[in-house]
Amino acid sequence: MDRDATDEGYLQEALAEAHAAAGRGEVPIGAVVVYEPVDPATRKPLAPPRIIARSGNRREELQDPAGHAEFLALQLAARELGSWRLSDCTVYVTLEPCIMCAGLMHQARVRRCVYGASDPKAGALGTLYRIHEDTRLNHTFSVTSGVRESECAEVLRDFFAVRRNRSKGGEAQ
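What counts and what doesn't
Residues numbered from 1 in each chain as written. Predicted model: local features only at pLDDT ≥ 70, side-chain atom pairs only at ≥ 80, totals over all residues. Heavy atoms only, no water. Helix = DSSP H or I, 4+ residues; strand = E, 2+ residues; numbered from the N terminus. Buried < 20%, exposed > 50% of the residue type's maximum accessible area, 1.4 Å probe, protein only. Contact = heavy atoms within 4.5 Å. Areas by Shrake-Rupley, 256 points an atom, 1.4 Å probe, with all protein chains shown as cover. Lys, Arg positive; Asp, Glu negative; His and termini not counted. Charge placed at Lys NZ, Arg CZ, Asp CG, Glu CD. Axes fitted to C-alpha atoms, helices over the stretch in contact; angles between N-to-C directions. Parallel < 35°, antiparallel > 145°, perpendicular 65-115°, else oblique. Left-handed = near helix turned anticlockwise from the far one by under 90°. Nonpolar A, V, L, I, M, F, W, Y, C, P; charged D, E, K, R; others polar. Salt bridge = Lys/Arg side-chain N within 4 Å of Asp/Glu carboxyl O. Polar contact = N/O pair within 3.5 Å; in protein donor to acceptor, adjacent residues only side chain to side chain. Expected span 1.5 Å × (residues − 1). Arc of directions from axis to C-beta.

The secondary structure content of the protein chain amounts to five helices and five strands. Start at the N end of the protein chain and walk to the C end: the helices and strands fall as α-β-β-α-α-β-α-β-β-α. With the C-alpha coordinates of the protein chain rotated into their principal frame, the extents come out at 60 × 35 × 30 Å. The buried share among the 173 residues of the protein chain stands at 43%. Restricting the contact set of the protein chain to residue pairs at least 6 apart, pairs at least 24 apart contribute 58%. A total accessible area of about 9200 Å² is found for the protein chain, and carbon and sulfur atoms account for 50% of it. Looking at the protein chain, you have 22 positive and 24 negative side-chain charges, and the mean spots of the two groups are 3 Å apart.

Before going further, it helps to spend a moment on the packing of helix 3 (residues 69-81) against helix 4 (residues 99-108). Look at helix 3 against helix 4: their axes get within 9 Å of each other, and the N-to-C directions meet at 25°. Comparing their axes, helix 4 and helix 3 come out roughly parallel. The element helix 3 and its partner helix 4 pack so that their crossing is left-handed. Contacts between helix 3 and helix 4 pair Glu 70, Phe 71 and Leu 74 from the former with Met 100, Cys 101, Leu 104 and Met 105 from the latter. Of the residues contributing to the contact of helix 3 with helix 4, the split by class is six nonpolar, no polar and one charged.

Turning to its location among the elements, Glu 26 is positioned in the loop between helix 1 (3-23) and strand 1 (30-35). Within the buried set, Glu 26 has no salt-bridge partner at all; the shortest N-O distance to an opposite charge, 5.3 Å, is to Arg 24. A distance of 3.1 Å separates a polar atom in the side chain of Glu 26 from the backbone nitrogen of Arg 59. Look past the residues within four positions of Glu 26 in its chain and what remains in contact with it is Ala 21, Asn 57, Arg 58, Arg 59, Glu 60, Glu 61 and Phe 159.

End to end, helix 5 (residues 149-167) covers 27 Å across 19 residues, agreeing with the expected 27 Å (1.5 Å per residue, within 8%). Restricting attention to buried positions, one finds in helix 5 the residues Cys 152, Val 155, Leu 156 and Phe 159. The arc that holds every buried residue of helix 5, seen down its axis, measures 90°, which confines them to one face. Of the exposed residues in helix 5, the ones pointing more than 90 degrees away from its buried face are Ser 150 and Arg 157.

Here's what the structure looks like:
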């Protein structure tokens, strides 16, 4: 499978997590972490890529300001691998990560992040900040943006449209 098809498929998995989050009354953002171990000498894959963690937002459920989808998925990935270093991992997330989540990706040494919709209010991987390529930090990582962008933005728009309608006394559909 080529890189674009892989990104599309993994972003679809993150979208499923976003829909599940919406079903729980959470802001619909989803994330998956894909592990693809690579031989450092040859840069050749050592095993097929696989999803090792997934999550949707759980801030309301957990009453935790760190309950962001990608933050939770990275914690699960670290437990799965038994290491805080996630250098053979790519994070797929439906919305551009905030400063906290981008900082955690930096700290975890992820290889790459792929996101769907840009976040003009909090985006830290290209929109407001560029944490991933700040050479003052001891780790940089690649970012691919705009994968399944319209679907990722639509799930957020729909969620907030229903919320606004309810707050105005309208019925949810």
